[in-house]
Amino acid sequence: MGSISQATGAGLAHRLGGSHLRSRSHRGGLSTLRFLVVSPHFKPDVAPTGGVVAMVVEALGQMGHETHIVTSLPWYEHHAVAEGWQGSPWQNGCHDHGTVTRLHPFPTDKTSLPARSLGYLGFSTLAAVAALASKGPFDAVLALSPPLTLAVVGWLAAERHRCPLILDIQDIFPDVAVEVGAITSPPLIDLLKHLERFCYGRAAAVRVLSDDLAANVTAKVSRMRRPPHIEVIVNPVDTTTPASPDSDTPYRRELGLGDATVFMYAGNLGHSQSLDLVVGAARRHTHRSDIAYVINGGGVMADHITRVAADIPNLTVIGYQPPERVSEVLATADVHLVLLKAGLSASSVPSKAFSALASARPLIAAIDIGTEVANVVSEAGAGLAVPPDDLEAFVAAVECLANDPDARHLMGESGSAWIAERRSPAVVAGALATLAEELGTK
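Presented here is a report on the structure given in the accompanying data block. None of the values given here were measured: they were computed from a predicted structure.

Quick word on the overall build of the protein
Okay, step 1: The helix and strand inventory of the protein stands at 15 helices and 15 strands.
Okay, step 2: Against the globule reference of 22 Å for 442 residues, the protein gives a C-alpha radius of gyration of 21 Å, in line with a compact fold.
Okay, step 3: Taking the principal axes of the C-alpha coordinates as reference, the protein spans close to 65 × 45 × 40 Å.
Okay, step 4: Burial status across the protein gives 55% buried among its 442 residues.
Okay, step 5: For the protein, long-range pairs separated by at least 24 residues make up 76% of all intrachain contacts whose partners lie at least 6 apart in sequence.
Okay, step 6: About 18,000 Å² of surface is accessible on the protein, with carbon and sulfur atoms providing 54% of the total.
Okay, step 7: Distance from the positive charge centre (34 side chains) to the negative charge centre (43 side chains) of the protein: 9 Å.

Dropping the structure here:
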């Protein structure tokens, strides 16, 4: 059986996403900046990236900075343009601290990689036109990837507006797609890797989410004549909504979970997540009425998981909930699950882990030991970390927390306190603003 790395208490080293990250705060002398943000999603779209960008933009605005956002029309939940947004493929508007251009996302069958690729290409083409046509001046372009094509859009926009490009890497592509077997063609892999290096070489700075991702990118740019600056700046977490101590929510009652200890995975249901661990553990615990499992989300594996769970009475699979219910969904769990297949921590950081910690619930993280999330869980005293794809270790962790409600409470409180100190939107936005100002003086 794999080992379990248990939290050691609240005393921990100051960690804000790795040793590369300077602990920055908004300085009184920081000049007002104007950002051009190119993002695949933005509120009210329910995609996690959209929420992250919205928090950063809001915090930048509160600091006095302005943003123009080039993004898609809301489409993520049903892979179709949301009701009320159909009609024009190009819509201009405002947000609280600037302006926004929303473009048709060309949504396609989410299970077809070629169709999705064509959709991304169509959206990226529109985004390039919109970014080039955006009214400057701008102090920096912030372009999010994936899709990697938006990095090219960001480069073109930075050249057009004569300002530095900050390439914001949420997941390292194509590494994730190759690791999970979504892309297997050697010529295509080689082409995408060349595109990836091309994009890094055009950026003034590459923003990554962890030391693990920083090491990955550093190795790829080390031989460049002028490699970009690589900066670890974590994603923010909503620290404004008070964590609910009560898991007896209307959502729990809707799902008929009773007073069972609920172990919940909430997020994308894709090839990167070890969802079979939840299925296997649920089968092990059909005899225990005090343990229930919930998989809450959507993605390419949703239909498969729904079919598999049909004959498992203690496993509930349900789709994404509206944004206004997110805090209630998080509060319904007694323990949140973070699942990432072996080897993927060098190219992906499951940021949902930090939202779960903010809800004052402990985590069981099935993830490469010694990497970002596993280290945070241990250092913050916020749950248990087990090796990825190890069913025996995962089941042991579930039983450990199911049998000890006092430990769950202490771990949840410790994790929430850690998040409030280190992952607020103001801290993250301040780091990005300082990076942009530093790049502008070079």
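As for the pairing of strand 2 (residues 34-38)
Okay, step 1: For strand 2, the buried fraction is high: 4 of the 5 residues fall into the buried class.
Okay, step 2: Direction of pairing for strand 2 relative to strand 3 (residues 66-72): parallel, over a ladder of 5 bridges. Following the sheet pairing, Phe35 is matched in strand 3 by Thr67.
Okay, step 3: On the question of chirality, the crossover connecting strand 2 to the parallel strand 3 by way of helix 1 (residues 48-62) is right-handed.
Okay, step 4: Sheet analysis places strand 2 next to strand 6 (residues 140-145), joined by 4 bridges and oriented parallel. The residue bridging Leu36 from the neighbouring strand is Val141, located in strand 6.

Some remarks on the nonpolar core
Okay, step 1: Grouped together as the largest cluster of nonpolar side chains are 57 residues, with contacts concentrated most on Val208 and Val373.
Okay, step 2: Membership of the second largest hydrophobic core comes to 32 residues, among which are Leu269, Ala281, Ala302 and Leu337.

Cut-off values and rules
Residues numbered from 1 in each chain as written. Predicted model: local features only at pLDDT ≥ 70, side-chain atom pairs only at ≥ 80, totals over all residues. Heavy atoms only, no water. Helix = DSSP H or I, 4+ residues; strand = E, 2+ residues; numbered from the N terminus. Rg over C-alpha atoms; globule rule 2.2 N^0.38 Å. Buried < 20%, exposed > 50% of the residue type's maximum accessible area, 1.4 Å probe, protein only. Contact = heavy atoms within 4.5 Å. Areas by Shrake-Rupley, 256 points an atom, 1.4 Å probe, with all protein chains shown as cover. Lys, Arg positive; Asp, Glu negative; His and termini not counted. Charge placed at Lys NZ, Arg CZ, Asp CG, Glu CD. Pairing = 2+ DSSP bridges. Right-handed = clockwise from strand over helix to strand, strands pointing away. Core = buried A, V, L, I, M, F, W, Y, C linked by side-chain atoms within 4.5 Å.

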